[in-house]
Amino acid sequence: MLAARNPVSLHHRIVAGGQRRRCVGGSERNRGRTQGRHFTQALESLWRHSPRIHPPSAAAAAAAGGGANPSWQPPVLENAAFEEYYKVQQIVRKEEWDAFMSVLRKPLPATFRINASCQFYKDICSKLENDFRRSLESEVSNEYGEDAIRPLPWYPGNLAWHLNFSRKELRKNLALESFHEFLKHESDVGNITRQEAVSMVPPLFLNVQPDHHILDLCAAPGSKTFQLLEMIHQSKESGLLPGGLVMANDINVQRCDLLIHNTKRMCTANLIVTNHEAQNFPNCSLAKDYSEVYKDTCKLQRLEFDRVLCDVPCSGDGTIRKGHDMWRKWNSGMGNQLHLLQVNIAMRGIALLKVGGRMVYSTCSMNPVENEAVVAELLRRSGNSVELLDVSCELPELVRRPGLSTWKVKDRGSWFQTHDDVPHDRKTVVLPSMFPSSDITEESHAGCGDFEMNTDNRSSFSRNCNVEETRKINHDMDGVSIGSTKNLDCTSNIMNSKFPLHRCMRIVPHDQNSGAFFIAVLHKLAPLNGSQIQGTKIQHTLGKDRIEQLHKEPQPEAGPYETILTRQHNNVLEVDDDAELLGRRQNLNMDNGTSKDKNSTEVEMVFNDVESGREESGDRMKKLQKQSRWKGVDPVLFFKDEVVIKSIRSFFGIKESFSLEGHLVTRSTDNARRMYYISKSVKEIVELNEQVGEQLKIASLGVKMFERHRSKDGCSCAYRLSYEGLSLLLPYISKRILYASPVDFHRLLQYRTINFAHFVDSRFGEEAASLMPGCCVVVLVEGHKNADSILKDPTTIAIVCWRGKGTMNVMVSQPDRKDLLERMAYRFGIKASTEEDEKFYPKVNGFDQGS
C-alpha cells in the first residue's frame with residue numbers, strides 16, 4: 001500500500017525493535033538515520049498541530065458499551081472536515097454518500113496474494129479450494145456469509161483472495177485459527193503476500209514482461225516490489241534467470257531494511273535495493289546524449305527503465321479503514337503539502353523511463369490535489385513527450401471510476417476554484433499546479449439543485465457499482481458519459497482540465513468493499529527536452545520563495561511540517577540526463593537573454609559536477625575497492641579470486657554452462673564471508689555504477705549463493721551452499737548429491753541431525769557415510785525418475801546439508817523446514833514423529849539453527 005511505503009506517508013508507523021535481518025553489507029546498520037528522522041519529526045509536528053476531534057464522554061461510552069469497561073472509549077470514526085472536503089470535491093454523488101461513509105467506518109477485509117513463481121503454489125491453490133474454502137463455508141457462513149473466502153474476480157489466475165473478515169477478526173476468531181496459522185506460515189516463507197486488494201492493482205497495469213528493467217521508486221515495505229518480481233519470474237524455466245530486473249528504492253534506511261527483509265523471501269538474483277530520495281534518483285549515464293546510448297550495444301550506457309512504478313508518498317486517507325488514527329489526524333492541508341513532492345518524484349520517474357515505456361502513477365489517497373492535479377501537471381510539463389493511456393479495456397472485472405476533470409483547493413479554511421482566487425500572500429504556498437488546468441472557464445446555467453456536480457465528470461457519479469455498467473461507462477465517449485445537467489448549481493463557474501483525466505482510475509471503497517486508490521498509466525513517446533525540465537526549475541524557485549514566506553508567518557493549519565518538508569524537497573535542483581541538462585542550459589540562455597541568471601548558473605554548476613565526476617571516477621574506483629563512497633555502506637565488490645571459484649566449481653561439480661565468473665559479488669572488503677549471485681542484467685548495472693563513480697547507493701542485491709564455513713571436519717572447500725540459492729544452482733550440480741526416500745527425507749527435516757546408522761534406508765546411510773566431509777545436497781526422490789530429470793524438474797524438493805563426522809545435519813532455517821514438512825504431509829501423508837522419537841536423535845551444536 002502506497003502510504004505505508006515511504007517515510008512521508010502520513011498514516012504509517014515504522015516498526016521499531018522487531019525482528020531484523022542483517023542486510024547485505026553489514027555496516028548499513030550503523031549509517032546515519034537523519035533522513036528518516038526528519039520525516040518522522042515532520043509527521044509528529046503535523047499531527048500535533050492538526051485539529052482534534054474530542055472523543056465522547058466516559059458516560060456515553062459506558063452507555064454504548066454496556067458499562068463493561070468504563071475506562072475504555074471506542075475510537076471516534078468521525079471527522080467533519082473530512083466529510084465537508086470530499087462532499088465539495090464530489091468524490092461520489094449525493095445519493096451514494098451514506099453508503100460511502102458507512103463502508104469507510106467498517107473494518108477492511110483481509111486479502112492476500114499467492115506467489116505464482118514459488119515452487120508449491122499449486123499445492124497452496126489446491127489447499128485453499130479443497131480444504132479451507134469448504135471448511136470455512138460450513139463453519140463461519142452464518143457469521144461472514146456464504147463466500148467467506150473467495151478469489152478476487154479481477155486478479156489474473158485466481159491468485160488473489162478476499163476474506164469477508166478483517167485481520168483483527170482473523171486473529172480473534174477461534175474458528176479461523178487454523179486458517180490464520182496457515183496464512184502466517186505461508187507468508188513467512190514467501191509463498192503468499194498479505195496485501196491490501198487495491199494495493200495489488202498498480203503493478204497489473206504496467207504490463208510487465210520477463211525481460212523488462214523495472215524501477216519501483218518508492219518501494220518499502222515491498223509488497224508491490226515482490227509482486228513485480230513474481231511477474232518477471234513467473235514464466236522462467238528451471239535454472240534460467242529472466243532477462244529483466246527490479247530496482248527497488250526507498251529514502252529511509254530503516255524502511256530499506258524492511259524492504260530487504262520482505263523481498264528476501266523471493267530468493268532472486270534479479271533485484272537491486274537502493275537508498276535515495278526518489279525525486280533525486282541518480283542518473284548513472286556514460287552517454288552525453290541519446291545518440292550515444294546505443295553506441296556500444298554490449299555495454300550499458302545509461303540507466304533507463306522499461307517500466308516505472310511511481311507509488312508516491314501521500315496523505316493515505318484511502319487507507320482510513322485500516323487505521324482509526326486517520327479519522328483523528330486528517331486535515332485538508334496534508335495533501336497540499338505533498339503535492340509538489342509527488343510531482344517531482346513522478347517527473348523523475350518519467351525522465352528515467354525509456355521512450356516507449358510505461359509508468360504507473362498511484363496513491364492511496366482520495367484527494368484530487370494529490371491525484372488528478374499531479375497527473376495534469378505531469379502532462380503539462382512533459383508536453384507531447386508523454387500521453388495518458390486509456391486502459392479501460394484492461395482488467396474489465398475491476399470496478400473503477402473515471403478521474404475527475406474539476407476540483408477545488410482548500411487552504412486555511414477557504415475554498416479556491418482557480419489560482420487567481422488565492423490571496424497574494426498565499427500564492428507561493430497554494431501552487432498553480434494544484435488547480436485544474438484549462439484555457440477557458442465554462443459557465444453552466446443548467447437547472448438548479450442543492451448539490452453541485454461537475455459537468456464533464458458526471459459519469460464518475462452516475463453509475464451503479466456493477467461490472468457491466470463499469471464496462472459501458474469506460475467505453476462511452478472514452479470514459480465520459482453525456483447525460484442530464486440537472487442538479488447543478490446554476491451560478492457556478494466550473495474550471496475543467498484540458499487534459500483527458502477521465503482516463504485515470506479511481507477505486508472507491510463501497511464499489512468492491514476495499515480501500516480507496518488512484519491509478520494513472522502514462523506512456524513515454526519521446527525524450528524530455530530542456531524546456532520541459534525548465535518548468536521543473538520554476539516550481540523549485542517557487543519552493544524557495546515559499547520557504548522565505550513561511551519563515552515570516554504562522555502556519556495554523558499545517559504547522560511546522562510544511563516548512564520542514566519544503567526545505568527538504570522543494571529547495572533541490574532536479575538533475576536529469578546530460579542531454580536534458582544541455583538542452584535546459586541552452587533554453588534558459590535563450591529565454592532569459594543571459595547565461596548568468598540564477599537558474600542557468602545552477603544548471604552550469606550541476607553540469608560541471610557531472611563532467612568532473614567522470615574524470616575523477618577512474619582514480620576514485622581504486623579507493624572504492626576498499627571503502628564505499630556512501631558512508632556506512634559496504635561497497636559492492638566483484639569476487640575475482642579464480643582459485644576459490646575453481647575450488648567451488650570442482651567441489652560441487654558445477655557445470656561450465658552456469659557462469660560464476662563475473663556474477664559473484666561480496667560486501668566484505670577483506671574476507672568474503674558471503675557471496676551473492678547476480679543476474680546478467682544486475683551485473684550490467686553494477687558495472688555501470690562503478691564506471692560513473694558509484695552514484696547508486698546499493699543497500700542489497702542478488703541472492704546469497706555461498707557462505708564461508710568454520711568447520712574443522714577437513715572439508716577441502718572453504719564455502720558451503722546457501723539454501724536461498726539452491727533452486728537456481730541445483731540443475732547444474734553434478735557432485736555432492738544424495739537421493740533420499742520420502743521417509744528419510746522427512747526424518748532429516750524433523751530431527752535436523754541424524755546418525756548415519758539411523759536412516760531407514762541403509763543404502764542411503766552408507767552413501768552418506770562414504771561421502772567426504774563437507775556441504776552436500778539431499779534430494780527427495782519420488783517414484784523411479786532418473787537423476788538428471790529430477791534435478792531439472794522445477795518441482796523437485798532439495799535441501800542443503802552438512803556431512804559431519806558421524807551425522808548428517810540439515811542447514812535450512814526453521815520456517816523453511818516447517819514448510820517442507822507440511823508439503824511432505826500434504827503429498828505423502830507422513831506425520832511428524834512423537835517427542836520420544838525426537839529424544840532418540842541427538843542434535844549437534846552449530847547445525848541445529850539452520851543456515
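The shown structure was predicted, so the numbers you read here are calculated from the model rather than taken from an experiment.

(A) Layout of the sheet that holds strand β3 (residues 160-166). Across the sheet, four strands lie side by side as β2-β3-β1-β4; this open sheet has antiparallel pairing. Lying at the two open borders of the sheet, with one neighbouring strand each, are β2 (149-151) and β4 (192-194). Going across the sheet, the axis of each strand differs from the next one's by a mean of 25°, ignoring polarity. Strand contacts of helix α7 (residues 177-188): β1 (109-114), β2, β3 and β4, with the helix running at about 110° to β4, the strand carrying the most contacts.

(B) Up close: the UniProt feature "active site" (unreviewed entry) in the chain. Mapped onto this numbering, the UniProt entry gives "active site" (unreviewed entry) at Cys-364. If you trace the backbone, Cys-364 turns up in the loop between β9 (353-363) and α13 (372-382). Taking relative accessible area as the criterion, Cys-364 reaches 0% and is therefore assigned buried.

(C) Spotlight on the pattern of salt bridges. Under the counting rule described, the total for this entry stands at 34 salt bridges. In this structure, Arg-93 and Glu-96 form a salt bridge, with 3.4 Å as the shortest nitrogen-oxygen distance. Exposure class is identical for Arg-93 and Glu-96. Each is buried. In this structure, a network of salt bridges that share partners links the residues Lys-264, Arg-674, Lys-704, Glu-707, Arg-720 and Glu-724.

(D) How the structure looks around helix α10 (residues 253-264). For α10, with 12 residues, the first-to-last C-alpha span of 16 Å sits near the 16 Å given by 1.5 Å per residue. Considered for burial, the residues of α10 that qualify are Val-253, Arg-255, Cys-256, Asp-257, Leu-259, Ile-260 and Thr-263. Among the structural elements, α9 (223-233), β6 (245-249), β7 (271-274) and β21 (698-701) are those in contact with the buried residues of α10. Near the N-terminus of α10, the side chain that reaches the backbone nitrogen of Gln-254, with its oxygen 3.0 Å away, is that of Asn-252.

(E) Structural context of the packing of helix α23 (residues 742-751) against helix α26 (residues 814-828). For the pair α23 and α26, interaxial distance at closest approach is 9 Å and the crossing angle is 150°. Classified by the interaxial angle, the pair formed by α23 and α26 is roughly antiparallel. Considering only the axes of α23 and α26, their crossing is left-handed. Between α23 and α26, the contacting residues are Pro-742, Phe-745, His-746, Leu-749 and Gln-750 on the first element and Arg-817, Leu-820, Leu-821, Met-824 and Phe-828 on the second. When the residues that make up the contact of α23 with α26 are grouped by side-chain class, the tally is seven nonpolar, two polar and one charged.

(F) Looking closely at the state of the cysteines. Going through the model one piece at a time under the given rule, you end up with zero disulfides. Looking at Cys-310, it has no disulfide partner, and the nearest cysteine sulfur is the one in Cys-218, 6.0 Å off. With no disulfide of its own, Cys-717 lies 5.7 Å from the sulfur of Cys-715, the closest cysteine sulfur.

(G) Representation of the pairing of strand β22 (residues 703-708) in the model. The buried fraction of β22 is high, at five of six residues. Strand direction decides the pairing type here: strand β20 (residues 674-677) and β22, joined by four bridges, are antiparallel. Its bridge partner being in β22, Tyr-677 is matched across the sheet by Val-703.

(H) Representation of the sheet that holds strand β24 (residues 737-740) within the structure. An order of β24-β26-β27-β28-β25 is seen for the five strands of this open sheet, with the pairing classed as mixed. Every interior strand has two partners, whereas the edge strands, β24 and β25 (753-755), have only one. Strand-to-strand twist across the sheet, computed as the mean angle between neighbouring axes with direction ignored, equals 30°. Sheet topology note: the β24/strand β26 (residues 774-780) ladder contains four bridges and is parallel. For Leu-738, the partnering residue across the bridge sits in β26 and is Val-778.

(I) Layout of the UniProt feature "binding site: S-adenosyl-L-methionine" (unreviewed entry) in the chain. Look at the UniProt record and you will see "binding site: S-adenosyl-L-methionine" (unreviewed entry) annotated at Cys-218, Ala-219, Ala-220, Pro-221, Gly-222, Ser-223, Lys-224, Asp-250 and Asp-311. A stretch of 94 residues holds the annotated residues, and the largest C-alpha distance among them is 13.1 Å, short enough that they meet in one place. Within the secondary structure, Ala-220 sits in the loop between β5 (213-216) and α9. Tracing the sequence through the fold places Asp-250 in the loop between β6 and α10. For Asp-250, a relative accessible area of 0% corresponds to the buried category.

(J) Looking closely at the packing of aromatic side chains. Tallied over the full model, the rule gives 19 aromatic pairs. Their ring planes at 20° and their centres at 6.2 Å tell us that Phe-179 and Phe-182 sit as a pair that is stacked. On the criterion of helical spacing, the pair formed by Phe-179 and Phe-182 is a turn pair, its members being three residues apart in helix α7. As far as burial versus exposure is concerned, Phe-179 and Phe-182 are alike and both buried. Plain terms: the ring middles of Tyr-361 and Phe-518 are 6.5 Å apart, the flat faces sit at 75° to each other, and that makes the pair edge-to-face. Residue Tyr-361 is located in strand β9, and its partner Phe-518 is located in strand β17 (residues 517-524); the two are separated by 157 residues in the primary sequence. Each member of the pair Tyr-361 and Phe-518 is classed as buried. Three or more aromatic residues joined by ring pairs make a cluster, and in this case those are Phe-82, Tyr-85, Tyr-86, Trp-327, Trp-330 and Trp-415. Geometry around Phe-226 places Arg-265 over its ring, the cationic atom sitting 4.6 Å from the centre. Positioned above the aromatic ring of Trp-630, the side-chain terminus of Arg-629 is 4.4 Å from the ring centre.

(K) How the structure looks around the pairing of β5. Judged by which residues are buried, β5 turns out to be covered on both faces: His-213 and Leu-215 on one side and Ile-214 and Asp-216 on the other are all buried. Examined bridge by bridge, β5 and β6 share four bridges and lie parallel to one another. Considered in β6, the bridge of His-213 is made with Leu-245. As defined by bridge partners, β5 adjoins strand β8 (residues 305-311) across three bridges and the pair is classed as parallel. In the sheet register, Ile-214 faces β8, and the bridge partner there is Arg-307.

(L) Focus on helix α24 (residues 762-770). Taken as a whole, α24 has its buried residues at Phe-764, Gly-765 and Ala-768. Projected down its long axis, α24 shows its buried positions confined to an angular sector of 100°, all on one face. For α24, exposure combined with an orientation more than 90 degrees from the buried face picks out Ser-762, Glu-766 and Ser-770. Along its buried surface, α24 packs onto β24, α23, β26, β27 (798-803) and β28 (807-810).

Calculation criteria
Residues numbered from 1 in each chain as written. Predicted model: local features only at pLDDT ≥ 70, side-chain atom pairs only at ≥ 80, totals over all residues. Heavy atoms only, no water. Pairing = 2+ DSSP bridges. Helix = DSSP H or I, 4+ residues; strand = E, 2+ residues; numbered from the N terminus. Axes fitted to C-alpha atoms, helices over the stretch in contact; angles between N-to-C directions. Contact = heavy atoms within 4.5 Å. UniProt positions renumbered as here; feature names shortened; annotations may be inferred. Buried < 20%, exposed > 50% of the residue type's maximum accessible area, 1.4 Å probe, protein only. Salt bridge = Lys/Arg side-chain N within 4 Å of Asp/Glu carboxyl O. Expected span 1.5 Å × (residues − 1). Polar contact = N/O pair within 3.5 Å; in protein donor to acceptor, adjacent residues only side chain to side chain. Parallel < 35°, antiparallel > 145°, perpendicular 65-115°, else oblique. Left-handed = near helix turned anticlockwise from the far one by under 90°. Nonpolar A, V, L, I, M, F, W, Y, C, P; charged D, E, K, R; others polar. Disulfide = S-S within 2.5 Å. Phe/Tyr/Trp six-rings, centres within 6.5 Å; stacked < 30°, edge-to-face > 60°. Lys NZ or Arg CZ within 6 Å of the ring centre and 35° of its normal. Arc of directions from axis to C-beta.

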